[in-house]
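So the chains spell out like this:
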Amino acid sequence: MRYRSYRWPCRYDVRIITPGGIAPATVINISDTGARIEGDLGIPNGSVVTVHLLSQRIKATVMWQRDGLAGLRFPLRLGENAIDTVRGTGRPRWGHAAHA
C-alpha cells in the first residue's frame, strides 16, 4: 500500500508559468507533495510548470487534468508553514521551513 499525504482543502489564488505562458489558477487542496488546482493550463500531462506560491517559485509536474482541474506534484516537500499559510490557518510551526 502506498502512503498518500493528507490533502488540506483551501482556496488560494496563484500564477502558474507554463511553457505556453502564464495561467491564473486557484489551489483548492494542498499537501506537502502536491496540489489540486482549478484553472485551464492548456499543456500536456507531464509538463513542468512553475507555481508562484507565497513568495516562492515552486517547480511542479502536471500529473493529470480533467474538467478545469489539474493535479500537480512537487519534487520537494513543502514545509508545514507554507501549507498552513495557503490553508489560511496562520499557525506558524517553528523549526519547519518551506522548500523552494
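From a predicted model like this one, the values you see are computed outputs, not experimental measurements.

Parameters at a glance
Residues numbered from 1 in each chain as written. Predicted model: local features only at pLDDT ≥ 70, side-chain atom pairs only at ≥ 80, totals over all residues. Heavy atoms only, no water. Helix = DSSP H or I, 4+ residues; strand = E, 2+ residues; numbered from the N terminus. Buried < 20%, exposed > 50% of the residue type's maximum accessible area, 1.4 Å probe, protein only. Contact = heavy atoms within 4.5 Å. Areas by Shrake-Rupley, 256 points an atom, 1.4 Å probe, with all protein chains shown as cover. Patch = residues over 30% accessible without salt bridge, like charges linked within 9 Å, V, L, I, M, F, W, Y side chains within 5 Å. Salt bridge = Lys/Arg side-chain N within 4 Å of Asp/Glu carboxyl O. Lys, Arg positive; Asp, Glu negative; His and termini not counted. Charge placed at Lys NZ, Arg CZ, Asp CG, Glu CD.

## Regarding the overall build of the chain
Phase 1: Counting its secondary structure elements, the chain contains one helix and six strands.
Phase 2: Counting from the amino terminus, the chain carries its helices and strands in the arrangement β-β-β-β-β-β-α.
Phase 3: Relative to its 100 residues, the chain shows a buried fraction of 42%.
Phase 4: Summarising the internal contacts of the chain: among those between residues at least 6 apart in sequence, 43% fall at separations of at least 24.
Phase 5: Working note: accessible area of the chain is about 6200 Å², and carbon and sulfur atoms make up 51% of it.

## Some words on a positive patch on the surface
Phase 1: Among the surface-exposed residues, Arg-4, Arg-7, Arg-36 and Arg-66 lie close enough to one another that they form a single positively charged patch.
Phase 2: If you trace the backbone, Arg-36 turns up in strand β3 (residues 34-38).

## Some details on the pattern of salt bridges
Phase 1: Across all of its chains, the model carries three salt bridges by this definition.
Phase 2: A salt bridge links Arg-77 to Asp-32; its shortest N-O distance comes to 2.5 Å. On the criterion of sequence distance, the pair formed by Arg-77 in the loop between β6 (69-73) and α1 (80-87) and Asp-32 in the loop between β2 (21-30) and β3 is long-range, its members being 45 residues apart.
Phase 3: Since its relative accessible area comes to 44%, Arg-77 is described here as partly exposed.
Phase 4: Note that Arg-87 and Asp-84 form a salt bridge whose closest N and O atoms lie 3.3 Å from each other. Of this pair, Arg-87 and Asp-84 both sit in helix α1, three residues apart, which is roughly one turn of the helix. In this pair, the class of Arg-87 matches that of Asp-84, namely buried.

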